[in-house]
Amino acid sequence: MVDNQIHTPGMNSGSTVVALCGGIGGAKLALGLYRVLDPNTLTVIINTGDDFEHLGLYISPDIDTVTYTLADKNNQEAGWGRRDETWNFMAALAELGGETWFALGDRDLAIHIERSRRLKAAEGLGEITADISSKFDIAAQLLPMSDDPVATTIQTSAGRLTFQDYFVRLKCEPVVEKVFYEEAHSAVPHAEVLASLHQADLRCIVICPSNPFLSIDPILSVPGIRDTMVASPAPVIGVSPIIDGHAVKGPTAKMMAELSLPSTAQAVAEHYDELLDGYVIDIADRDNSNEMHIPVRVTRTLMNSIEDRENLAREVISFADSVKASDNNQANQVDTAC
């Protein structure tokens, strides 16, 4: 478990918070929320569109990144994988002429082997994820978006690619033309996902600063999730993954340019459309805040340190509370007028 957890006074109202996230950027804010809230009140819905089978093993990159991050076992320099990793397996695989483009550390292998074994024994991904997170002493609820397969594939200048081929093997170099979420139409949300979004004491829903096309849209593509969020009385707060026209990490800005979208925080908000009740942007984008048609909180969103993660989490929760209070006041005024 993460040491020195800090539960900020005023943050722990006893109500629950749900966060949607992908890997590195989303996991940073998830950790901030985990540290400033009562961790038992946090649910993290995690993208599984990146999941794939490799070397006979079922790999869940975003689930593992969030798990390692909340358990304080993540490789903070790389942003993925486990800390203090060794690479004997990959070296031995290279000697045999095996595929080495997707790196699997020796310690990291354990989670892939155990998950694959249990999936073959007909256990669900959600059940396995919950059990592994408990083994790591994580108090928050970690949920895959679905137990069913949803595969993110990308039409590019190099042809139709699986996510990992595009992202890891080709290092995001091909030009993106369109993104698909294969089998999403037939997928069913994990039961606890919809239950978490229907909670009567739901304080807010946070869309973490993950790539909207590769991390958040796969979650929203699963039937029922987006509609439930739109209908929820709890405010949905998005956090921009773009700062002053650039992505902190990953291909978000590059993809937006290739999809003929401006690489701006505002364009991401417009992409989410009616889903958002509020939006958090960086101070570098302050001048664009007046152009948005939803409430905006301007703050520092770059998360280089653990203090940055905690401060942003506090800002997001405080902003969500103010949006909810404003909505309640407007509702009361309408009732009075009636």
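Residues numbered from 1 in each chain as written. Predicted model: local features only at pLDDT ≥ 70, side-chain atom pairs only at ≥ 80, totals over all residues. Heavy atoms only, no water.

(A) Summary view of the pairing of strand 1 (residues 16-21). With six of six residues buried, strand 1 lies mostly within the body of the structure. Taking every second residue as pointing to the same face, both faces of strand 1 are buried, with Thr-16, Val-18 and Leu-20 on one and Val-17, Ala-19 and Cys-21 on the other. Two strands pair when backbone bridges link them, and strand 1 and strand 9 (residues 202-207) are joined in this way by five bridges, in the parallel orientation. Looking at strand 9, one finds that Thr-16 is bridged to Leu-202. Here strand 1 runs beside strand 2 (residues 42-46); their pairing, made up of five bridges, is parallel. If you follow Cys-21 over to strand 2, its bridge partner there is Ile-46. (Buried < 20%, exposed > 50% of the residue type's maximum accessible area, 1.4 Å probe, protein only. Helix = DSSP H or I, 4+ residues; strand = E, 2+ residues; numbered from the N terminus. Pairing = 2+ DSSP bridges.)

(B) Expanded view of the nonpolar core. Core analysis: the largest hydrophobic core is formed by 44 residues, its most contacted members being Leu-20 and Met-229. If we ignore the near neighbours within four places in the chain, the residues touching Leu-20 are Ile-45, Ile-205, Val-206, Ile-207, Cys-208, Ile-216, Ile-219, Leu-220 and Met-229. Counting residues in hydrophobic clusters, the runner-up holds 41 residues, among them Leu-31, Leu-37, Ile-111 and Ile-237. (Core = buried A, V, L, I, M, F, W, Y, C linked by side-chain atoms within 4.5 Å. Contact = heavy atoms within 4.5 Å.)

(C) Quick look at the side chain of Thr-65. Checked against the element boundaries, Thr-65 lands in helix 2 (residues 61-70). Discounting chain neighbours no more than four positions away, the residues touching Thr-65 are Gly-23, Ile-24, Ala-27, Gly-79 and Trp-80.

(D) Summary view of the pattern of salt bridges. Inspection of every chain in the model, using the stated rule, returns 14 salt bridges. The partner of Arg-115 in a salt bridge is Asp-64, and the shortest N-O contact between them spans 2.4 Å. Note that Arg-115 is positioned in helix 4 (residues 106-120) and Asp-64 in helix 2, a separation of 51 residues in sequence. Across the salt bridge formed by Asp-72 and Arg-83, the nearest N and O atoms sit 3.0 Å from each other. Pair noted here: Asp-72 is in the loop between helix 2 and helix 3 (88-95) and Arg-83 is in the loop between helix 2 and helix 3, with a separation of 11 residues, a long-range link. (Salt bridge = Lys/Arg side-chain N within 4 Å of Asp/Glu carboxyl O.)

(E) The packing of aromatic side chains, seen in detail. Following the criterion strictly, the structure yields six aromatic pairs and no others. Between Phe-52 and Trp-101, the ring centres sit 6.4 Å apart and the planes meet at 35°, which makes this aromatic pair tilted. Remark: Trp-101 occurs in the loop between helix 3 and helix 4 and Phe-52 occurs in strand 3 (residues 52-54); sequence separation between them is 49 residues. For Phe-52, a relative accessible area of 16% translates into the label buried. On the basis of relative accessibility, which here comes to 26%, the residue Trp-101 falls in the partly exposed class. Ring centres of Phe-52 and Phe-102 lie 5.0 Å apart, and the angle between their planes is 70°; this geometry places the pair in the edge-to-face category. Here Phe-52, found in strand 3, pairs with Phe-102, found in the loop between helix 3 and helix 4; they are 50 residues apart in sequence, far enough to count as distant. Aromatic rings pair up to connect Phe-52, Trp-101 and Phe-102 into one cluster. For the cation-ring pair, Arg-160 lies above Phe-180, with the distance from its terminal atom to the ring centre recorded as 3.8 Å. (Phe/Tyr/Trp six-rings, centres within 6.5 Å; stacked < 30°, edge-to-face > 60°. Lys NZ or Arg CZ within 6 Å of the ring centre and 35° of its normal.)

(F) How the structure looks around the state of the cysteines. A full pass over the atoms with the stated rule returns zero disulfides. The closest cysteine sulfur to the non-disulfide-bonded Cys-208 is located on Cys-21, 4.9 Å from its own sulfur. (Disulfide = S-S within 2.5 Å.)

(G) Up close: the confidence of the model for the protein. Taken as a whole, the protein shows an average pLDDT of 92; of its residues, 92% reach a score of 70 or greater. For the stretch residues 334-338, pLDDT sits under 50, and the model shows zero contacts to residues farther than four places along the chain or on other chains. (pLDDT = per-residue confidence, 0-100.)

(H) Inspection of the packing of helix 4 against helix 5 (residues 125-135) at higher detail. Between helix 4 and helix 5, the least distance of the axes is 10 Å, while the angle of their chain directions is 140°. As the angle between them shows, helix 4 and helix 5 are arranged oblique. The hand of the helix 4/helix 5 crossing is right-handed. Here helix 4 contributes Ile-111, Arg-115, Arg-118 and Leu-119 to the contact with helix 5, which in turn contributes Leu-125, Glu-127, Ile-128, Asp-131 and Ile-132. Among the residues making up the contact of helix 4 with helix 5, the classes are represented as five nonpolar, no polar and four charged. (Axes fitted to C-alpha atoms, helices over the stretch in contact; angles between N-to-C directions. Parallel < 35°, antiparallel > 145°, perpendicular 65-115°, else oblique. Left-handed = near helix turned anticlockwise from the far one by under 90°. Nonpolar A, V, L, I, M, F, W, Y, C, P; charged D, E, K, R; others polar.)

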